[in-house]
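A closer look at the structure
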Amino acid sequence: MSLSGGAFGGNRGLRPVPPEKGVFPLDHLHQCDLEKKDYLNCLKSSGHQSEKCRQFSKKYLECRMEKNLMARQDMSELGFRKETETNGETSEEKNSKRIEV
Amino acid sequence: MVGGSYAAVPLYRRFCQATGYGGTIQRRESVEEKIARHAKDGTVTEREIAVQFNADVADGMPWKFTPTQREVRVKPGESALAFYTAENRSSTPITGVSTYNVTPMKAAVYFNKIQCFCFEEQRLLPGEQIDMPVFFYIDPEFETDPRMDDINNIILSYTFFKVSED
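Quantities reported herein were computed from a predicted structural model and do not represent experimental measurements.

Assigned secondary structure in chain B consists of two helices and nine strands. Counting the 166 residues in chain B, one finds 51% classified as buried. For chain B, contacts bridging at least 24 residues in sequence account for 76% of all contacts bridging at least 6. When the accessible surface of chain B is totalled, it reaches about 7300 Å², and 50% of it is carbon and sulfur.

Moving on, we come to the nonpolar core. Residues M132(B) and Y158(B) are the most contacted members of the largest nonpolar core, which totals 60 residues. Of the residues forming this core, the biggest block, seven residues, is contributed by strand 8 (residues 129–138) of chain B.

Residues and elements named next belong to chain B. The buried count for strand 4 (residues 79–88) comes to nine of 10 residues, which makes it a mostly enclosed element. Sheet analysis places strand 2 (residues 63–67) next to strand 4, joined by five bridges and oriented antiparallel. The partner of W63 across the bridge, within strand 4, is N88. Taken together, the nine bridges between strand 4 and strand 8 define a ladder with antiparallel strand orientation. Each residue of the ladder has a partner; that of A82, found in strand 8, is V134.

With that out of the way, let us pick up the state of the cysteines. Applying the stated rule across the entire model yields three disulfides over all chains. Across a sulfur-sulfur distance of 2.1 Å, C42(A) and C53(A) are joined as a disulfide pair. Note on the C42(A) and C53(A) pair: the S-S dihedral is about -90 degrees, so by sign convention the disulfide is left-handed. With C42(A) in helix 1 (residues 33–45) and C53(A) in the loop between helix 1 and helix 2 (54–66), the pair connects residues that are 11 residues apart, well separated along the chain. Of the two residues examined, C42(A) and C53(A), each falls in the buried class. The residue that forms a disulfide with C116(B) is C118(B), at a sulfur-sulfur distance of 2.3 Å. Judged by the sign of its S-S torsion, about -60 degrees, the cystine formed by C116(B) and C118(B) is left-handed. On the accessibility criterion, C116(B) (0% relative accessible area) is buried. Classification of C118(B) by relative accessible area gives buried; the value is 0%. Described in terms of the sequence order of its bonded cysteines, the disulfide pattern of chain A is 1-4, 2-3.

On to the confidence of the model for chain B. Residue and element names in this part refer to chain B. Residues with a pLDDT of 70 or more make up 83% of chain B, whose mean pLDDT is 87. When pLDDT is averaged over each element of chain B, strand 2 comes out on top at 98 and helix 1 (residues 2–19) at the bottom at 51. Here residues 16–24 is modelled with pLDDT under 50, and outside its nearest four sequence neighbours on either side it reaches seven contacts, counting other chains as well. Both scores are available for the predicted complex, with the pTM at 0.78 and the ipTM at 0.80.

Aromatic ring pairs are reported here in terms of the distance separating the ring centres and the angle at which the planes meet. Overall, the coordinates contain 16 aromatic pairs over all chains when judged by the stated rule. Between Y60(A) and F83(B), the aromatic rings sit 4.9 Å apart at their centres with planes inclined by 80 degrees, giving edge-to-face as the arrangement. One end of the pair, Y60(A), is in helix 2; the other, F83(B), is in strand 4, on a second chain. When sorted by exposure, Y60(A) lands in the same class as F83(B), which is buried. Measuring from ring centre to ring centre gives 5.9 Å for Y110(B) and F142(B), while their planes differ by 90 degrees; the resulting arrangement is edge-to-face. Here Y110(B) is found in the loop between strand 5 (94–103) and strand 6 (111–115), whereas its partner F142(B) is found in the loop between strand 8 and strand 9 (153–165), with 32 residues between them in sequence. The pair formed by Y110(B) and F142(B) is uniform in burial state, with each residue classed as buried. Here the aromatic cluster, defined as three or more aromatic residues joined through ring pairs, consists of F53(B), W63(B), F65(B), Y84(B), Y100(B), F117(B), F119(B), Y158(B) and F160(B). Positioned above the aromatic ring of F24(A), the side-chain terminus of R64(A) is 4.5 Å from the ring centre.

Turning next to the sheet that holds strand 1 (residues 49–57) of chain B. Picture the strands of a sheet paired through backbone hydrogen bonds; they go either parallel or antiparallel. Residue and element names in this part refer to chain B. One open sheet accounts for five strands, arranged 3-1-9-5-7; its pairing is mixed. Here the strands that pair on one side only, and so sit at the sheet edges, are strand 3 (71–74) and strand 7 (122–124). Between one strand and the next, the sheet's axes are offset by a mean angle of 30 degrees, whatever the strand orientation. Pairing of strand 1 with strand 3, which is carried by four bridges, proceeds in the antiparallel orientation. Pairing of V51 across the sheet is with V72, part of strand 3.

Parameters at a glance
Residues numbered from 1 in each chain as written. Chains lettered and ligands numbered in written order. Predicted model: local features only at pLDDT ≥ 70, side-chain atom pairs only at ≥ 80, totals over all residues. Heavy atoms only, no water. Helix = DSSP H or I, 4+ residues; strand = E, 2+ residues; numbered from the N terminus. Buried < 20%, exposed > 50% of the residue type's maximum accessible area, 1.4 Å probe, protein only. Contact = heavy atoms within 4.5 Å. Areas by Shrake-Rupley, 256 points an atom, 1.4 Å probe, with all protein chains shown as cover. Core = buried A, V, L, I, M, F, W, Y, C linked by side-chain atoms within 4.5 Å. Pairing = 2+ DSSP bridges. Disulfide = S-S within 2.5 Å. pLDDT = per-residue confidence, 0-100. Phe/Tyr/Trp six-rings, centres within 6.5 Å; stacked < 30°, edge-to-face > 60°. Lys NZ or Arg CZ within 6 Å of the ring centre and 35° of its normal. Axes fitted to C-alpha atoms, helices over the stretch in contact; angles between N-to-C directions.

Here's what the structure looks like:
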């Protein structure tokens, strides 16, 4: 189908940009419902902070990959770093350069 | 069914090229490239942004459509997951398609959707309820843009339109 962009948000400024990796197939069989619930419950109990619930969102996406509801790839490419570099940063990481515009 | 989401990518590349971004046709850095670059640079971000969610249906669209969580608090550079829930309350299968909007508009350029349910037609059977995920990423460059200094909230709004009924 073609979305010319005219009817959809054409008069709202920036044009809608499609998602990078395409569209998530819907989980019609509810195969990853448990992982989704775990993530959402975590959010509720941790002030809705994404960082605190990363392991649950990771599990949800991994579930999707297992059920062929998402293209498989290394989780680190999607921003899920290895457990070693987390909140307890070393001083060298704290002083790491920020982006200069 | 892995082919499903992969097949969508060339279509969206064509879409991007047809509509361009800001009138240009060049391909922007992909989110994965940004993630890799910032991981290598050791980019640190500090500001917490509250991403909040709106859900709407167009007139005549008999779905209940709501955000599943009130908000997600995220730092730029952290990929994050959010859900919407949709339910077909009619007695016939309905196919819908959604579009989205990000406000404030000046922040929209930093809001990257890695993967979501939008742009493609979705068909729900009568009474079917489904969860619709959005996997997104706020560019770390948001934090160093002085125009974003006064922004602590970003609102992601989706609207579902009815395409057909069968």
